[in-house]
Amino acid sequence: MSTTMGVEEEFLLIDPATGAPVDAACRVLARADHPNAPEALLQPELLQSQVESATGICRTLAEVRAQVGAGRRALAAAAGTEGLWLVSTGTPVCPGAAPSASPGARFAEIMRTYAGVVAEYQCCGCHVHVGVPDRELAVAVLNHLAPWLPTLLALSANSPFECGRDTGYASWRIVTQSRFPGFGTAPWFGSAADYDRQVDALVDCGVLADAHQSFWLARLSSRFPTVELRVADAAATVTEAVLQAALSRALVHTALAALATGREARPVNAQLAAAAVWTAARYGLRGPGVHPGTGRQAPATDLLAELVAWVEPALTESGDLTTVRAALATLTAEGTGADRQRRAAGAGPLGVLRMLSEQTRETV
């Protein structure tokens, strides 16, 4: 399989004494050693309490693991020099002062447009780019991805807490993100021109800053010839980031194989798609999900097994099946990031953050 991939990871900078997010992105990035990989980046996010690491173009999971690990090590070391923890979690565990926006005209425009929705939007995700250089094919791939996005979310769930309280959800990040216009599973697109028209319509409505922005859980990248899956919470560990990359690429490859034989995706009912996303956010893998075919409840673990079976030929071709099965076995035994956060909460919020810091730094 020659399909390329890349991973973008967002992190929070935390005061170990209080657990509060800290506006320190500029200082941390100034101290961080650049990852030794072509096109890999360490960069700011919307708010100064967040930083981002992006891999370069990867062709194997080994490359993804190495570059994700290198980015985490660089940022964690720089944060440590500032007396801070780098943590990979979808939402802040503890409350803190209102964060400041990062410098830049685009960030300022986003703050003006969305006001209170982004004033304290310290949510972090794990975004996977998969190379599809033909835009017509890429749009058709998006249609095929729609039924499986809630299961990727359930697998990644890593944000049960927000600012000192247990939300009752496995992914509170997704609930918070749902306040943005156009959020959720993208509509079915008939062509690349149709995709562009629907993006432009949201821009014309004044709810998107420009055509480079959308809040769909999977979309075409505006910067790269890729399909970008934005559904996953920040990955608690390197292994979980690699797992998201592996399954995302396998889903894209499976879609391309179907399209090569003339099999277009069926439109997904928008109401059922929203129900499936909400249910995945609520329960993660510990409860029901919504079956993409029947629209009825089914155990989330059964839906995960169906996803893996669906993409098994692609995983076998890429040589990734053994890696994926091993990662899933660990997740089944230890639980999702949300499950592990709740277990660690017995030691209080700082116990959760200490565990998160350790997981984030663990790169082997």
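Above this text sits the structure in question.
No experiment lies behind these values; they were computed from the predicted model shown. (Residues numbered from 1 in each chain as written. Predicted model: local features only at pLDDT ≥ 70, side-chain atom pairs only at ≥ 80, totals over all residues. Heavy atoms only, no water.)

A. Summary view of empty space enclosed by the protein. This structure, assessed with the given rule, holds 2 cavities of 30 Å³ or more. There is about 60 Å³ of room inside the largest cavity. Lining the largest cavity, in full, are Leu155, Ser156, Asn158, Ala234, Ala235, Ala236, Glu240, Leu243, Gln244, Leu331 and Gly337. Of all the secondary structure elements, the ones that give two or more residues to the lining of the largest cavity are α6 (149–156) and α9 (238–260). Split by residue class, the lining of the largest cavity holds 6 nonpolar, 4 polar and 1 charged. Each pocket or cavity is described by its volume, and for the second largest cavity that value is around 30 Å³. In terms of lining, the second largest cavity is formed by His144, Leu145, Trp148, Leu251, Ala255 and Trp310. Among the secondary structure elements, those contributing two or more residues to the lining of the second largest cavity are α5 (135–145) and α9. (1 Å grid on protein atoms, 1.4 Å probe; cavity = no way out; pocket = protein on both sides within 12 Å on 5 of 7 lines; lining within 4 Å. Points joined across faces, edges and corners; volume = space filled by probe spheres on them. Helix = DSSP H or I, 4+ residues; strand = E, 2+ residues; numbered from the N terminus. Nonpolar A, V, L, I, M, F, W, Y, C, P; charged D, E, K, R; others polar.)

B. Quick peek at unusual backbone geometry. Despite not being glycine, Glu39 has its phi angle at roughly 70°, a positive value. Locating Glu39 in the fold gives a position in the loop between α1 (25–31) and β2 (41–44). Given a relative accessible area of 54%, Glu39 falls into the exposed group. Look at Ala115: it is not a glycine, yet its phi comes out positive at around 45°. As for its position among the elements, Ala115 is in the loop between α3 (105–114) and α4 (116–119). Given the relative accessible area of 45%, Ala115 is considered partly exposed. (Buried < 20%, exposed > 50% of the residue type's maximum accessible area, 1.4 Å probe, protein only.)

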